[in-house]
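Single-letter residue listing:
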Amino acid sequence: MGRREAGSLPQRLIILGPPGAGKGTQAKKLTEVLDVPHIASGDLFRHHRSKGTPLGIKASEYMNNGLLVPDEITTAMVLERIQPPLDMQGYLLDGFPRNMFQAQALDDMAARGRPVDYVILISVPDDELVARLSGRHICGACQASYHIKTAPPSTPGRCDRCGGDLLQREDDRPEAVRVRIRVYNEETHPMLDHYARSGKLVEVDGLGRIDEVAERLLKAMHLGPSVGGP
Ligand code: AP5
Ligand code: MG
Ligand code: ZN
C-alpha cells in the first residue's frame, strides 16, 4: 500500500476483533498508509516479558492462560503512550480497549484531548480463528506475524522484515486459544455496543486474503482502493 497525504486522514483508530482475527496483520498494513504509531497492548506485554520487567512477569501469569491482564496495569501502560499531547501524532490501537473499564478510561482521556476517529471490528468465525492461530509463527525480535500456510516467510523460520527467528506463541496452545475466545465473547464483545452507539464502529469481514481484507478496511474508512493511489 502507498502512503497517503496527511491532513484529512483518520489519525486515531482502534482495531478490535477476536484472537487471530488479523488485528496485528492489518494494523501493520494500515500504518504503511496512515503515518501513525501502531500500539498493540499484547506486543507491549510481550516486550516487557522478554525484558523480564516486573510488569512483564506479572502480565505473563495472565497471558499464558489466555486471561486478561488486570485493567489498572493495562490502562496505565497503554494510555501513557497516547495521552495528550501525544494524541496529536495519532495512534492505531490494536487489542485495546478490551472491556468497558478500559473503554471508559480511553473515553476519559480522549475527552481531555482529541476524539477517536474509527473503531474497526474485524469479524472472523471461530473455526477459522483456531486454524489461523494454530499455524501462526511470530518474529521473536519485531513481532511480525506469519502463517505457515497463508502467509509464509520467504525463508522458513526467518522473519522477512528483520531476519529474526520465528516462534509459536505460548498462548497459541489449543487450551489457551479456547480460553481466549471465551474471554473475548464474555468480556470484549459486550463492549462493542458502546462503540456502536457512538457511531464510530465499522465492522469488516475478516475472511479472505490479507490484501482483500486490507482493502475492505480502507473502504470502511472511505479511503478507497490503495493500489497505485496517492
Ligand atoms: P494479543 O496479543 O492482543 O492477542 P489476541 O487479541 O488474542 O490477538 P492475536 O494477536 O492472537 O491475533 P491478531 O488478531 O493480532 O491476529 P494476527 O494478525 O496475528 O493479546 C495477548 C494477551 O495479552 C491477551 O490474551 C491478554 O492476556 C493480554 N492483553 C492484551 N491486550 C490486553 C488488554 N487490552 N487488556 C488485558 N489484557 C490484554 O493473525 C493471526 C494469524 O492469522 C497469523 O498467522 C496471520 O498470518 C494469519 N492471518 C491474518 N489474516 C489472515 C487472512 N486474511 N487469511 C488467512 N490468514 C490470516
Ligand atoms: Mg495481535
Ligand atoms: Zn522480525
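Look up: the structure comes first, before these words.
Conventions adopted
- Residues numbered from 1 in each chain as written.
- Chains lettered and ligands numbered in written order.
- Predicted model: local features only at pLDDT ≥ 70, side-chain atom pairs only at ≥ 80, totals over all residues.
- Heavy atoms only, no water.
- Donors = N, O, S within 2.8 Å, 3.2 Å for Na, K, Ca; no water.
- Tetrahedral: all angles 85-135°; square planar, octahedral: opposite > 155°, others 65-115°.
- Helix = DSSP H or I, 4+ residues; strand = E, 2+ residues; numbered from the N terminus.
- Buried < 20%, exposed > 50% of the residue type's maximum accessible area, 1.4 Å probe, protein only.
- Salt bridge = Lys/Arg side-chain N within 4 Å of Asp/Glu carboxyl O.
- Axes fitted to C-alpha atoms, helices over the stretch in contact; angles between N-to-C directions.
- Parallel < 35°, antiparallel > 145°, perpendicular 65-115°, else oblique.
- Left-handed = near helix turned anticlockwise from the far one by under 90°.
- Contact = heavy atoms within 4.5 Å.
- Nonpolar A, V, L, I, M, F, W, Y, C, P; charged D, E, K, R; others polar.
- Pairing = 2+ DSSP bridges.
- Lys, Arg positive; Asp, Glu negative; His and termini not counted.
- Polar contact = N/O pair within 3.5 Å; in protein donor to acceptor, adjacent residues only side chain to side chain.

Enquirer: Any chance you could explain the coordination of the zinc ion (ligand 3) here in plain terms?
Expert: Each donor-metal-donor angle would ideally measure 109.5 degrees in four-coordinate tetrahedral geometry, or 90 or 180 degrees in six-coordinate octahedral geometry. Here the zinc ion (ligand 3) is held by Cys139 (SG), Cys142 (SG), Cys159 (SG) and Cys162 (SG), and the distances to it run 2.3 to 2.4 Å. Coordination at the zinc ion (ligand 3) is tetrahedral: its four donor atoms span angles of 98 to 116° at the metal. Along the chain, the residues that donate to the zinc ion (ligand 3) are spaced as C-x2-C-x16-C-x2-C. Within this pair, whereas Cys142 is found in the loop between strand S5 (136-139) and strand S6 (145-147), its partner Cys162 is found in the loop between S6 and strand S7 (166-167), the two being separated by 20 residues in sequence. For Cys142, a relative accessible area of 28% gives the class partly exposed. Assessed through its relative accessible area of 41%, Cys162 is described here as partly exposed.

Enquirer: I'm lost on unusual backbone geometry in this one. Help?
Expert: Residues other than glycine predominantly adopt negative phi, and peptide bonds predominantly adopt the trans conformation. Residue Pro84 is joined to Pro85 through a cis peptide bond whose omega torsion reads 5°. In this structure, Pro85 sits in the loop between helix H4 (71-82) and strand S3 (91-94). With an omega of 0°, the peptide bond running from Phe96 to Pro97 counts as cis. Structurally, Pro97 is set in the loop between S3 and helix H5 (100-111).

Enquirer: Would you mind going over the pattern of salt bridges with me for this structure?
Expert: Summed over all chains, the structure comprises 12 salt bridges. Of the charged contacts, one joins Arg169 and Asp171 as a salt bridge, the two residues approaching to 3.0 Å between their closest N and O atoms. Comparing Arg169 with Asp171, the two get one shared label, buried. Residues Glu170 and Arg173 are paired through a salt bridge, measuring 3.5 Å at the closest nitrogen-oxygen approach. Taking the relative accessible area as the measure of exposure, Arg173 reaches 30% and is therefore partly exposed. A single network of salt bridges, built from pairs that share partners, joins Arg136, Arg169, Asp171, Asp172 and Arg180.

Enquirer: Mind showing me how you'd approach the packing of H4 against H5 here?
Expert: Helix-helix packing: each pair is described by the crossing angle between the helix axes and the interaxial distance. In contact at an axis separation of 10 Å, H4 and H5 are set at 30° when each is read in the N-to-C sense. The angle between H4 and H5 places the two elements in the roughly parallel class. Considering the relative orientation of H4 and H5, their crossing is right-handed. Of the residues in H5, those in contact with Asp71, Glu72, Thr74, Thr75, Leu79 and Ile82 of H4 are Phe101, Gln102, Ala105, Leu106 and Met109. Split into classes, the residues belonging to the contact of H4 with H5 amount to six nonpolar, three polar and two charged.

Enquirer: What should I look at first to understand the pairing of strand S4 (residues 118-123) in this one?
Expert: The side chains of a regular strand alternate, first on one face of the sheet and then on the other. When you tally the buried positions in S4, you get five out of six residues, the bulk of the element. As judged from the four bridges shared by strand S1 (residues 12-16) and S4, these two strands associate in the parallel manner. The residue of S4 that forms the bridge with Leu13 is Tyr118. Where S4 and strand S8 (residues 201-205) come together, five bridges link them in parallel fashion. Counterpart to Val119 in the pairing with S8 is Leu201.

Enquirer: I keep staring at the side chain of Arg12 and nothing clicks. Help me out?
Expert: Looking at the secondary structure, you find Arg12 in strand S1. Comment: no salt bridge for buried Arg12; closest opposite-charge side chain is Asp117, at 4.4 Å. Of note is the side chain of Arg12, whose polar atom sits 2.8 Å from the backbone oxygen of Asp87. Apart from residues lying up to four places away in sequence, Arg12 is in contact with Asp87, Met88, Gly90, Tyr91, Arg114, Pro115, Val116, Asp117 and Tyr118.

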